[in-house]
Amino acid sequence: MSAAEASVSAARPAVDRRRARRRSAWRRRRLVLLLLSPWLAGFAVFFGYPLVMSAYLSFNHYDLLSPPRWVGLANYRYMFTVDPQVWTAIKNTLWLIAVMVPLQVLFSFGIASMLARAKSGGGFFRTVFYLPALAPPVAATLAFVFILNPSTGPVNIILGHLGITGPLWFQDPAWSKPSLTILGLWGVGNTMIIFLAAVLDVPRHLYESAELDGAGPFQRLRWVTIPTISPVILFAVILGVIQGLQYFTQAYVAAGVASGQASQAADVTSGNLGYPLDSTLVYPVLLYQHGFTDFQMGYASAMAMLLLAVSFAVTLVIVLNSRKWVHQGGAAR
Amino acid sequence: MSATSAPAPLVRRRAWSPGRRRRFLLTVANNAVLIGLAIAFLAPFAFITLTALMSNSQALSADLWPHPFAWHNFVDVFTKAPLWRWTLNTLEYSILATLGVVVSSVPVAYALARIRFRGREVLFMIVLIALMLPPQVTVVPLYVMWAKFHPFGFNFIGTLWPVILPNWLGDAFSIFLLRQFFLTIPEEYLDAARVDGCGELRILSTVVVRLAKPAIVAVALFSFLYTFNDFFLPLLYAGESPHHWVLSIGLSEFRSLHQVQWNLTMAATLLVMAPVIVIFFLAQKAFVEGVTLTGVKG
Amino acid sequence: MRRVRALVALLVLVGACAAAVAAVAGTSRSTGPTKLTVWVGWSARELGVFQKVVAEYDQAHPNVTVDVVGSINDDKIVAAIRAGTAPDVVSSFNSYNVGTYCSSGGWINLGPLMKQSGISASLFPAATQYYTQYDGTRCALPLLADDYGLYYNKTLFKSAGISGPPKTIAELTADAKKLTKFNPDGSIKVLGLDPFIGFYENVPERWVTAWGAKWLDGQNNSILSKQPGWSQWLKWQRSYIDWVGYDKLVKFQAGLGDEFSASNAFEVGKLAMNLDGEWRVAFIQAEHPKLDYGTAPMPTAKPSLYGSGYINGTIIGIPKNGKNQAEAWDLVKWLTTNTHALAELSNGLRNVPSTQASLTSKELTPDAHFATFLKIFGNPNSTTSPITAAGVSYTNLVQNFATKWQAGKVSSLSSGLSSLDKQLDAMVKQAKGGGVP
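Predicted model, so just to flag it, every value in this text is computed and none were measured. (Residues numbered from 1 in each chain as written. Chains lettered and ligands numbered in written order. Predicted model: local features only at pLDDT ≥ 70, side-chain atom pairs only at ≥ 80, totals over all residues.)

What chain C contains, in helices and strands, is 18 helices and 11 strands. Compactness check: chain C gives a C-alpha radius of gyration of 24 Å against a globular reference of 22 Å for 437 residues, within 12% of the reference. If you line up chain C on its principal axes, its C-alpha atoms span 80 × 60 × 50 Å. Within the span of chain C, comprising 437 residues, buried residues form 50% of the whole. Within chain C, counting contacts between residues at least 6 apart in sequence, those at least 24 apart form 74% of the total. (Helix = DSSP H or I, 4+ residues; strand = E, 2+ residues; numbered from the N terminus. Rg over C-alpha atoms; globule rule 2.2 N^0.38 Å. Buried ≥ 20, exposed ≤ 12 C-beta atoms within 10 Å, placed from the backbone. Contact = placed C-beta atoms within 7 Å.)

From N to C terminus, chain B includes 15 helices and zero strands. Counting the 298 residues in chain B, one finds 46% classified as buried.

Residues and elements named next belong to chain C. When cut into domains, chain C gives domain 1 (33–146 + 311–378) and domain 2 (147–310 + 387–432). Taken over C-alpha atoms, the centre of domain 1 sits 28 Å from the centre of domain 2. Opposite the 27 residues of domain 1 that make contact, domain 2 presents 22 residues. Of all the secondary structure elements, the ones that give two or more residues to the side of domain 1 that touches domain 2 are helix H4 (98–104), strand S6 (141–153), strand S11 (311–317) and helix H16 (368–378). The dominant element in the side of domain 1 that touches domain 2, judged by the number of residues it contributes, is H16, at seven residues. In the side of domain 1 that touches domain 2, the residues fall into 12 nonpolar, nine polar and six charged. (Domains from an automatic or database assignment. Nonpolar A, V, L, I, M, F, W, Y, C, P; charged D, E, K, R; others polar.)

On to the interface of chain A and chain B. Contact residues are listed per partner, giving 77 residues for chain A and 69 residues for chain B. Take the side of chain A that touches chain B: its biggest share by element is 18 residues, from helix H1 (residues 3–57) of chain A.

This next bit is on the domain arrangement of chain B. According to the domain assignment, chain B consists of domain 1 (19–73) and domain 2 (82–257). With centres defined by C-alpha atoms, the gap from domain 1 of chain B to domain 2 of chain B works out at 36 Å.

Now for the packing of helix H3 (residues 73–80) of chain B against helix H14 (residues 262–282) of chain B. Residues and elements named next belong to chain B. Between H3 and H14, the least distance of the axes is 9 Å, while the angle of their chain directions is 95°. One way to sum up the angle between H3 and H14 is to call them roughly perpendicular. Of H14, the residues touching H3 (which contributes Asn73, Phe74, Asp76, Val77 and Lys80) are Asn263, Leu264, Ala267, Ala268 and Leu271. (Axes fitted to C-alpha atoms, helices over the stretch in contact; angles between N-to-C directions. Parallel < 35°, antiparallel > 145°, perpendicular 65-115°, else oblique.)

The next point concerns the packing of helix H4 (residues 122–134) of chain A against helix H8 (residues 189–201) of chain A. Helix-helix packing is described using two parameters, namely the angle between the two axes and the distance between the axes. Residues and elements named next belong to chain A. Contact geometry for H4 and H8: axes closest at 7 Å, N-to-C directions at 140°. As summarised for this structure, H4 and H8 are arranged oblique, according to the angle between their axes. Across the interface between the two elements, Phe129, Tyr130, Leu131, Pro132 and Ala133 of H4 pack against Gly189, Asn190, Met192 and Ile193 of H8.

The next subject is the pairing of S11(C). Residue and element names in this part refer to chain C. The element S11 is largely enclosed, with a buried count of seven among its seven residues. Across three bridges, strand S3 (residues 89–92) lies against S11 in antiparallel orientation. From the neighbouring strand, serine 91 faces S11, where its bridge partner is isoleucine 316. The pairing of S6 with S11 spans five bridges and is classified as antiparallel. Among the inter-strand pairings, leucine 141 is bridged to a residue of S11, identified as isoleucine 316. (Pairing = 2+ DSSP bridges.)

What follows concerns the confidence of the model for chain C. All names here are of chain C. Per-residue pLDDT for chain C averages 87, and the proportion of residues at 70 or more is 92%. Scored below 50 in pLDDT, residues 22–30 makes nine contacts in the model with residues more than four places away or belonging to other chains. Predicted complex, confidence summary: ipTM 0.79, pTM 0.83. (pLDDT = per-residue confidence, 0-100.)

Here we take up the pairing of strand S2 (residues 64–69) of chain C. The pairing of strand S1 (residues 34–39) of chain C with S2(C) spans six bridges and is parallel. Among the inter-strand pairings, C:Thr34 is bridged to a residue of S2(C), identified as C:Val64.

Attention now goes to helix H17 (residues 392–406) of chain C. Because each turn of an α-helix spans 3.6 residues, side chains separated by three or four positions end up pointing in the same direction. All names here are of chain C. Spanning 15 residues, H17 covers 21 Å between terminal C-alpha atoms, matching the ideal 21 Å at 1.5 Å per step. For H17, the buried fraction is high: 13 of the 15 residues fall into the buried class. With its phi angle positive at about 80°, glycine 408 sits one or two positions after the end of H17. (Expected span 1.5 Å × (residues − 1).)

Residue and element names in this part refer to chain B. Taken residue by residue, chain B gives an average pLDDT of 80. The fraction at 70 or more is 88%. Here helix H15 (residues 284–296) stands out as the element of chain B with the lowest mean pLDDT, 66, in contrast to helix H7 (residues 161–164), whose mean of 92 is the highest. Note on residues 1–5: pLDDT under 50 across the span, and zero contacts to partners over four residues away in sequence or across chains.

The next point concerns helix H2 (residues 44–60) of chain C. Along its 17 residues, H2(C) runs 25 Å from first to last C-alpha, staying within 8% of the 24 Å computed at 1.5 Å per residue. Here the buried face of H2(C) lies against S2 and helix H14 (339–349) of chain C.

All names here are of chain B. Within the secondary structure, tyrosine 237 sits in helix H12 (residues 232–238). Along the backbone, tyrosine 237 and threonine 159 are 78 residues apart, and their C-alpha atoms lie at a distance of 6.5 Å. Residues within four places of tyrosine 237 in sequence aside, it is in contact with Ile157, Leu160, Pro162 and Val163.

Let us now look at unusual backbone geometry. Cis geometry marks the peptide bond from A:Tyr275 to A:Pro276, where omega comes out at -5°. Locating A:Pro276 in the fold gives a position in the loop between helix H12 (249–260) and helix H13 (283–293). Of note in this structure, C:Leu144 is not a glycine but carries a positive phi near 70°. Residue C:Leu144 is classed as buried on the basis of its 26 C-beta neighbours within 10 Å.

Printed below as a string of structure tokens:
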């Protein structure tokens, strides 16, 4: 074989290799597209398009019967300067995020820590604490409104026997959100299980070395457990905040049932959303009312845009701040 | 003379060290609190059951114990309200949606986890963003879209199809969960299959699916649970056609249909909770595994 | 893999078939008589009454069969019209949304149809004419009317030593205080009168008629702050609530039975007096026939207003996109103008007949309790609530304000009412599509 032939024959495999690589890359891309196509289609249709459309509709007056009519910033102006209920709705949602979410995280973490410590009957307790999380939200809300009825509900009756005048719970604007919080605490099963797994996962040797350093149980909690599971805490907080921003079902059902306990049935509907006194009027409920009861779809889209902005902002704030106190794996120090 | 002949020394237990005593007290306190909380957590269930067994007038009064026990309430709910219809609708929605979620999310999660391609991280970011967005943001245009879409004169509003169909095109939460799990599959398994000459799709359907069975079961369970309890979207789309109501809507409207017969409402509530609780007991391990998967690797 | 693919394909096929079958079923037309679907708000016993009357129409018109669906409320009607799934004929218990229905064209303009059939609006009493049209477009017709008066429990009156129903607000307050009985622990045992807005039929529009206050001026601007009747009513309400005790009232109210059940607070004697509609007569007849009660017009602030009350009523119309508009109109025409039908319905439902002719029909069975309401209906001072483009949100906003006021959350009534006026005007403007003034 001459040198030229040898170089040619050496070059051919290189070309073949490159061509083969390109072919396999192309095949890979085709495969990826195939696998991703349903989701990409779904994303475009059920996410991308509505998002763009929502932004567009927010500048229009649209009631679904006549075509959308451009009104510029009128919806936003109405929302920020005139709508008497928007600020209440924002405050209510923020209340839930500021009060209910931290309480839920603390409560589920507390129960998980205690469960981790308990040796006997752990499985039984775990089931008991998880069970309410399985209850359908509507059913659970109905049950709680009934149980917390200020005059005929078991809770106030038992409190009465103990000599305490129970509050008006869902009938009192000062107590309606706390009542929803209690309902929320009842259902922390999911977060609790996550915390339990995380706490049980903390390496033993970290506790042992802390104990050797003379740390008591609470100090171990503060300096070993919490830092080690901090990613999980972050996750729980983010999840809680996201759920808080979308909180709809319990507020809607509770307002409807609590007000309907002694008021008009089939006559004027939707006048009772947020009962009592707009205290349970969370932002998604108001959005639903404006969009689907009043059929002010342009205005509801403007509200949706605000919700979008707030969701982004809040998630961003949490994630950025998380670097400060979340340990990414490894031992605590 | 005192016979100080020392008797046989009594066996004396050594007093507990302060550390041991403190640990014991802590354990007692721990268990006491747990028991107290467990009672508090179970109490609502007890109240619901007791009310479900009362007569209507008793349920409205301040009585705590049914007198007599109205077992027939559980039968009455079926005649007083179309509970079967609602159950069928709910099952139709849940089963179809769960199937769709599993079938469409697995390939996507696999691609995001195991196949290297440009823009993979960006796409995953987008999945996360989709997860974080409240549904209320997109709900208005989606409703308009379904209201205006009339293929062959078919009306989507008033049915459950607008809620079911999107699940067949992937679900962000399930994709996220499955991707996290797929990341844990060692590359060696996949390489071994590749060496055997399997195409990527074969690998996915045979090797990966089998390895990821617990994650897939968890995703299916979550999907089923979520759709079984879903209220907002079915309310939106099927709210004004009672024929298509799901259990959550039916339960909340029960009161206006039947003028707040709380005993029946509570009985219906129990019946609605029952299947979910039964499924939980049968699939406990998968549930807990699934919940753990969500958070710990997060 | 092939198995999975086959399974997926099968599922998709099944899904598509189901959709197709549903679509076909939805659009196929039966080759028999035209099927009309009518949506009404009535349910249970009342629905039965309506169905019986409709059955007469069915018999007399073999070319149509009428299917009646009950328990409909405005939310459902609005949603169905938007989605294009509305039935042939719709009816609503109240007229609050007429403004939206007419101005958006959701309910078709009945004017041309009326002219064609030679039906003039003067067939209907003046009040009912007002709340079935908006801005010159009549898109609804009245189907029986409602008016409101005072129900009082004669047994409780006797034991409290009160001889007759109160005629003035002062008498009302005095009687209510006398009739209210407390338990030893301070909670309410029997309540003379429930003043809470949001309770049963208590909404601002039905109470404020007693003070003769108006809602709108000639230019359709809100004048709640300028009409003394509004603040007089609200101040009176607050003073009575303070006398009983706000928390006590809330607690008592939470334990009361549902309005349309047999445990209705007035019917079981927990409430001595109650503002209620004329249909309550039929309910009491059916559920508590032994109740010794009386009916009278609501007490008023000015003696000249006594005998008047609040009027509203069920309205009926034809939604846009309905398929059988001609047959639907025939049915609507019959239901709203046929004296016999209206008399039958009035007797069964104890609602007020809504044409001049049926008001004096011989077929109406006389009833002493019900007669009060016929008189209230005919009183020239009886009024109804405003019809605006904002629909039911208009009065809802006022109700919202009233509930805040009764809880003591409004510091200055006059400034509260002024901002309420501004909000109401802005809301109407927004509903019309103009945004913020």
